[in-house]
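This is what each chain is made of:
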Amino acid sequence: VLHSTRLLHTSQQCSAPVPPLPEKGGEVRHGLIPEEFFQFLYPKTGVTGPYMLGTGLLLYLLSKEIYVVNHETVASACILAVIIYAVKKFGSDVAAFADKLNEEKVASALAVKNEAIKDLETAIEQEKKEQWRAEGHSFLFDAKRNNVAMLLETNYRERLMTVYSEVKKRLDYQVAMQNLKRQKEQDHMIQWVEKSVVQSITPQQQKESIAKCILDLKALSRSAQAAA
Amino acid sequence: MNLSFFDQFASPCLMGIPLILISTLFPSLLIPSRNNRWLTNRLSTLQSWFINLITKQLMIPLNKNGHKWALILTSLMTFLLLINLLGLLPYTFTPTTQLSMNMALAIPLWLATLLTGLRNQPSASLGHLLPEGTPTPLIPALILIETTSLLIRPLALGVRLTANLTAGHLLIQLIATATSTLLPIMPTISILTILILLLLTILEVAVAMIQAYVFVLLLSLYLQENI
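Computed from a prediction, not measured in an experiment: that's the story for all the values here.

1. Section: the overall build of chain B
For step 1, the next point in the chain: When helices and strands are tallied, chain B shows 7 helices and 2 strands.
For step 2, the next point in the chain: Put simply, chain B runs from its N terminus to its C terminus through helices and strands in the order β-β-α-α-α-α-α-α-α.
For step 3, the next point in the chain: Principal-axis analysis of the C-alpha atoms gives chain B an extent of 65 × 55 × 40 Å.
For step 4, the next point in the chain: Here chain B holds 227 residues, and 36% of them are scored as buried.
For step 5, the next point in the chain: When contacts within chain B are restricted to residue pairs at least 6 apart in sequence, long-range pairs at least 24 apart make up 71% of them.
For step 6, the next point in the chain: Here chain B has roughly 13,100 Å² of accessible surface; of this, 74% comes from carbon and sulfur atoms.

2. With respect to the interface of chain A and chain B
For step 1, the next point in the chain: At the junction of the two partners, chain A supplies 29 residues and chain B supplies 30 residues.
For step 2, the next point in the chain: Both sides together, the interface formed by chain A and chain B hides about 2,600 Å², and carbon and sulfur atoms give 71% of it.
For step 3, the next point in the chain: For the interface between chain A and chain B, the tally reads 1 salt bridge.
For step 4, the next point in the chain: A salt bridge links D99(A) to R42(B); the shortest N-O distance between them is 3.0 Å.
For step 5, the next point in the chain: The interface formed by chain A and chain B includes 6 residue pairs in polar contact (both at pLDDT 80 or more).
For step 6, the next point in the chain: A breakdown of the residues in the side of chain A that touches chain B according to their chemical character gives 20 nonpolar, 6 polar and 3 charged.

3. Overview of the UniProt feature "transmembrane region" (unreviewed entry) in chain B
Residue and element names in this part refer to chain B.
For step 1, the next point in the chain: Here the UniProt-annotated "transmembrane region" (unreviewed entry) positions come out as residues 12–31, 69–89, 138–159, 171–199 and 205–223.
For step 2, the next point in the chain: Between the end C-alpha atoms of residues 12–31 there is a gap of 23 Å, over a span that is 30% helix and 20% strand.
For step 3, the next point in the chain: The distance separating the terminal C-alpha atoms of residues 205–223 is 28 Å; by composition the span is 100% helix and 0% strand.

4. Quick word on helix 2 (residues 42–59) of chain B
For step 1, the next point in the chain: Here helix 2 of chain B is 18 residues long and its end C-alpha atoms lie 26 Å apart, about the 26 Å a rise of 1.5 Å per residue gives.
For step 2, the next point in the chain: Looking only at helix 2 of chain B, the buried set comprises S44(B), T45(B), L46(B), Q47(B), I54(B), L58(B) and M59(B).
For step 3, the next point in the chain: On its buried side, helix 2 of chain B packs onto helix 3 (71–200) of chain A together with helix 3 (70–86) and helix 7 (187–226) of chain B.

5. Points about unusual backbone geometry
Across the chain, the bulk of peptide bonds are trans and the bulk of non-glycine residues have phi less than zero.
For step 1, the next point in the chain: Located in the positive-phi region is M15(B), a residue other than glycine, with phi close to 50°.
For step 2, the next point in the chain: When you line up the elements, M15(B) lands in the loop between strand 1 (13–14) and strand 2 (17–18).

6. As for the side chain of T201(B)
For step 1, the next point in the chain: Within the element layout of this structure, T201(B) appears in helix 7.
For step 2, the next point in the chain: Of note is the side chain of T201(B), whose polar atom sits 2.6 Å from the backbone oxygen of L197(B).
For step 3, the next point in the chain: Beyond its immediate chain neighbours, meaning those up to four positions away, T201(B) contacts C78(A), I79(A) and V82(A).

7. Here we look at empty space enclosed by the protein
For step 1, the next point in the chain: Taken as a whole and assessed by the stated rule, the structure comprises 1 cavity of 30 Å³ or more.
For step 2, the next point in the chain: Considering only enclosed or pocket space, the largest cavity measures out at about 120 Å³ in volume.
For step 3, the next point in the chain: Taken together, 13 residues make up the lining of the largest cavity; nearest its centre are A75(A), Q8(B), G87(B), L88(B) and I172(B).
For step 4, the next point in the chain: Sorting the residues of the lining of the largest cavity by element identifies helix 3 of chain A together with helix 6 (139–182) of chain B as the ones contributing at least two each.
For step 5, the next point in the chain: At 4 residues, the largest contribution of residues to the lining of the largest cavity is made by helix 3 of chain A.
For step 6, the next point in the chain: Split by residue class, the lining of the largest cavity holds 6 nonpolar, 6 polar and 1 charged.

Conventions adopted
- Residues numbered from 1 in each chain as written.
- Chains lettered and ligands numbered in written order.
- Predicted model: local features only at pLDDT ≥ 70, side-chain atom pairs only at ≥ 80, totals over all residues.
- Heavy atoms only, no water.
- Helix = DSSP H or I, 4+ residues; strand = E, 2+ residues; numbered from the N terminus.
- Buried < 20%, exposed > 50% of the residue type's maximum accessible area, 1.4 Å probe, protein only.
- Contact = heavy atoms within 4.5 Å.
- Areas by Shrake-Rupley, 256 points an atom, 1.4 Å probe, with all protein chains shown as cover.
- Buried area = accessible area lost by both parts, 1.4 Å probe.
- Salt bridge = Lys/Arg side-chain N within 4 Å of Asp/Glu carboxyl O.
- Polar contact = N/O pair within 3.5 Å; in protein donor to acceptor, adjacent residues only side chain to side chain.
- Nonpolar A, V, L, I, M, F, W, Y, C, P; charged D, E, K, R; others polar.
- UniProt positions renumbered as here; feature names shortened; annotations may be inferred.
- Expected span 1.5 Å × (residues − 1).
- 1 Å grid on protein atoms, 1.4 Å probe; cavity = no way out; pocket = protein on both sides within 12 Å on 5 of 7 lines; lining within 4 Å.
- Points joined across faces, edges and corners; volume = space filled by probe spheres on them.

This is the structure we're talking about:
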């Protein structure tokens, strides 16, 4: 691409650093004539100079019929009216639109930068939190150690309890055995005593006791009849 | 200079030197070339935005192969737009009022789309000659009709652009002549005619833009069928 706007022999022909663009275009009066022209004529003819020049030129062209008034004049009047109306009405809107396009470009680039900064800041926060967590690990380990010790203690106590209960069971068994044995001996003795007593009752004694019972019963029945 | 109605459409000539090339290439001078800056001035920003808009609009219906045509279609659109709009200024010559130039644009481009279609997908291209769902007895007649319409396309493209612009320019000239002739006779009617001329000028501005757009749109449509 030939940079045709670059002066070939009068500048250094180097692209970098790029010279800054002017902020605004050249000042123009009535949208057509640069301000420099008016400044050029100002010392000799003052403020109205260029206008007199313009009017005189126009009248000269018209009166000498160097410019002939024909149908194109009317057509040009119309198209110029349309152009001037369009520029006056929509000019500032179009300029604002162009500025907005540029602004959006800048804003999106800035947004990228700000996003990156924000992400990095969030990362820093997270990192700090992780460091705090790492500090807290010693407490965590202490708690875990306590837990384990408690579990071991509980287990030991349980086992002690088991041992005690087992031993007690064994001893209870022995005690129960001894009680049972004594009980059995007692019962046996009682049975033996009863058996020998019953055997010692002679038939004579049996008859006497039965007769006595009958006499008692009769007496009882007599008293019962009397009572009734 | 006393103008006749033909002078606007005569190929410009200065002392025997034909100026037709300069007048055709002049619009390219009005487009600022691409800057290497990121934030350009207003004109360049607007131009970039506009060209992006046109290219997107034209390229959305086309498939990947059709995107090769992006440069020529966008530049054609900008070219025609600028030529048409500049032709509305007084004493300017509009190259697109010449049938020769419009046919020179239309026939090669249309032929290119046709040959692309016939080369890459011949049966699909020929299949466009018969719309879907036609009743069987109508098929021969319809093929003839479709072929005729296919062959008439470049003619239509060129003549449409020429006729619209020529008619518009001629109308402006005639009504302007009527205005200037009526001015000493019946000034009121003259004022009325000037109002008509104003409306016509606005119409012509619209027509200039629309005709450029239609030309390029139709070409992209023919491309869609064939690519």
